[in-house]
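# Understanding the architecture of this molecule
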Amino acid sequence: MGGCFSKPKPVELKIEVVLPEKERGKEELSASGKGSPRAYQGNGTARHFHTEERLPTPHPYPSPQDCVEAAVCHVKDLENGQMREVELGWGKVLLVKDNGEFHALGHKCPHYGAPLVKGVLSRGRVRCPWHGACFNISTGDLEDFPGLDSLHKFQVKIEKEKVYVRASKQALQLQRRTKVMAKCISPSAGYSGSTNVLIVGAGAAGLVCAETLRQEGFSDRIILCTLDRHLPYDRPKLSKSLDTQPEQLALRPKEFFRAYGIEVLTEAQVVTVDVRNKKVMFKDGFKLEYSKLLLAPGSSPKTLSCKGKEVENVFTIRTPEDANRVVRLARGRNVVVVGAGFLGMEVAAYLTEKAHSVSVVELEETPFRRFLGERVGRALMKMFENNRVKFYMQTEVSELRAQEGKLKEVVLKSSKVVRADVCVVGIGAVPATGFLRQSGIGLDSRGFIPVNKMMQTNVPGVFAAGDAVTFPLAWRNNRKVNIPHWQMAHAQGRVAAQNMLAQEAEISTVPYLWTAMFGKSLRYTGYGEGFDDVIIQGDLEELKFVAFYTKGDEVIAVASMNYDPIVSKVAEVLASGRAIRKREVETGDMSWLTGKGS
């Protein structure tokens, strides 16, 4: 074996030496791929892009000096279906034995660095224990989300009953592999008024759509436009880690977009879509023709409609600027959070160490009640109360009072008055689809864009994805649902791109989401709307539990804390098409799930 790889190596974006993780509990805050150190300054008017700057390309065939080879174990050391982390001197590798064959891959999930050895091996892929991303063990390719990058695959050979792994040192240190992508060769790129693909919205759905098109060899023009000032960033992190700077949140560095000819228009608001002439108009009058359109506008946060709503220092959290400002103003002051859903509770948890006091106002009687049920909600509420958070439940805000224009008090319908210097509103969101009202693109009564399994709208050539859509959920009898979560947006963006290229792909991913509060994570898979019972195994008091949400005799969703990798395990069972019955989880015998029993 002279050369290290038989195939040319994909273009790497940058070498990032991954240091050993000191703290396992900090998973939610580690960046998903550091952006470039310079923030992207967009001004919405610059429509010219310089495509001649390219990423540095490492030599496609690493030299033998760049390779390291070692015997990592005896062939009998691993049973079928087992995984092990092995050390190659320059870094660790995940060794997998499946159907008598050995595979060697990167050992950390490229999304947030989770140790994949603690994940779930099933049907030829490994699923991350933290957030559910899936990687093919034969290729290392990313098959389910979140995240953008795949794993490196390393050479394995067996000699005299010993298993040898050979890898490039660079790949061992990178821990991520960006798939090979086409470049843009369109002569009109950068300046003309027409594009082959226009993507409205640069969240996960929009970015994954653009990247998938390039991965599939599409080399025509792609324009991604966003209301934001920034290149695509990790929005779920905003509420979990409010003082993270925009450049630390970037999902890809600026050079990446240049290298692959993905043009990004920032601070660009689409005001009308003319589907007959395939044209969109922007707020500043700029017009753009397209042949394929993806609508991924996401949602807009709901605001309070009470008296005093225009008072200063009342925020919704949509951008890094919002989040950063809230932290700055909250230090040592009194904070009121309105809404005890994911966003409100994450913000409340993050601010407890910074603010003088944190109070949460909520209409329901427990936090997360509709989503996680009464008992889990109560257990989480207790954790917050132990961290000095005060709850005002079954009430809402009737007035915001100011002193010299700035917020001073929040008055509740229960006539309680709460001191407040800063108020964060997390009472849900509405789809940001107002600009489509006269377009002929179908919207439902709530403003969502209905799509089919191929992410197609009612207008040919117009696709939609992300938080603003309703789509048929395959494993819940194609019920039309809206799932406004990060992983689902990625999956839908990919399916939309595949169908723009006539690949006839259908959305089939099982929903997976997570939340993080006080260094503890709650993971969730499935779709629990309409659950009629909750079966809890483990210890709610200790926050070491798994909760099964059932409807009739079927398990429709599962949540857990400190019980990894059970949620990833359930996601794999559901993804395989097998139904989980209520009686299977009532007994407390989990052997059916962990594969230890029958």
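For the structure, see preceding data.
Here is what the cut-offs are and how they apply
- Residues numbered from 1 in each chain as written.
- Predicted model: local features only at pLDDT ≥ 70, side-chain atom pairs only at ≥ 80, totals over all residues.
- Heavy atoms only, no water.
- Helix = DSSP H or I, 4+ residues; strand = E, 2+ residues; numbered from the N terminus.
- Polar contact = N/O pair within 3.5 Å; in protein donor to acceptor, adjacent residues only side chain to side chain.
- Pairing = 2+ DSSP bridges.
- Buried < 20%, exposed > 50% of the residue type's maximum accessible area, 1.4 Å probe, protein only.
- Contact = heavy atoms within 4.5 Å.
- Salt bridge = Lys/Arg side-chain N within 4 Å of Asp/Glu carboxyl O.
- Core = buried A, V, L, I, M, F, W, Y, C linked by side-chain atoms within 4.5 Å.

## Details of the side chain of H111
Inspection of the secondary structure assignment puts H111 in the loop between β4 (101–105) and β5 (120–122). A polar contact is formed between the side chain of H111 and the side chain of H131, at a distance of 3.2 Å.

## Description of the sheet that holds strand β27 (residues 449–450)
Taken together, three strands build an open sheet; the order of strands is β27-β29-β30 and the sheet is mixed. With one partner strand each, in any of the chains shown, β27 and β30 (479–481) form the two edges of the open sheet. Sheet topology note: the strand β29 (residues 469–473)/β30 ladder contains three bridges and is antiparallel. Bridge pairing in β30 places P472 opposite K480.

## So, the environment of V459
When you line up the elements, V459 lands in the loop between β27 and β28 (462–464). Under the relative-accessibility criterion, V459 is labelled buried at 13%. A C-alpha to C-alpha distance of 8.0 Å links V459 and G442, two positions 17 residues apart in sequence. Non-local contacts of V459, meaning those with residues more than four positions away in its chain, are made with V275, G440 and I441.

## So, the pattern of salt bridges
Scanning the entire structure with this criterion turns up 38 salt bridges. When the shortest N-O distance is used, the salt bridge between E69 and K157 registers 3.2 Å. Residue E69 is located in strand β1 (residues 67–74), and its partner K157 is located in strand β9 (residues 153–159); the two are separated by 88 residues in the primary sequence. Overlapping salt bridges, with partners in common, bring together E364, E365, R369, R370, E374 and R378 in one network.

## Details of the nonpolar core
Among the nonpolar cores identified, the biggest contains 104 residues, and L198, V273, L294, L295, I449 and F471 are the most heavily contacted of them. For this core, the leading source of residues is helix α9 (residues 486–500), giving eight residues. With sequence-adjacent residues up to four places away left out, L198 is seen in contact with I223, C225, V280, L288, Y290, K292, L293 and L294. Membership of the second largest hydrophobic core comes to 50 residues, among which are I317, V326, A355 and Y524.

## Some words on the environment of A465
Note on placement: A465 falls in the loop between β28 and β29. Among the residues examined, A465 registers a relative accessible area of 1% and is labelled buried. Between the alpha carbons of A465 and A296 there is a distance of 5.1 Å; along the sequence they are 169 residues apart. Not counting residues up to four positions away in its chain, the partners in contact with A465 are A205, L294, L295, A296, M455, Q492 and G493.

## A short note on the pairing of strand β11 (residues 194–200)
Summarising burial for β11: five of the seven residues are buried, a large majority. The pairing of β11 with strand β16 (residues 287–295) spans six bridges and is parallel. Among the inter-strand pairings, V200 is bridged to a residue of β16, identified as L295. The pairing of β11 with strand β12 (residues 222–225) spans four bridges and is classified as parallel. Looking at the pairing, L198 lines up with I223 of β12.

## Describing unusual backbone geometry
In this chain, F145 is followed by P146 through a cis amide linkage whose omega measures 15°. For P146, the location among the structural elements is in the loop between β8 (142–144) and β9. The peptide bond linking D564 to P565 adopts the cis configuration, its omega dihedral lying at -5°. Counting through the fold element by element, P565 comes out in the loop between β35 (554–561) and α10 (566–575). Notably, R123 is not glycine yet its phi reads approximately 50°, a positive angle. Position of R123 among the secondary structure elements: in the loop between β5 and β6 (125–127).

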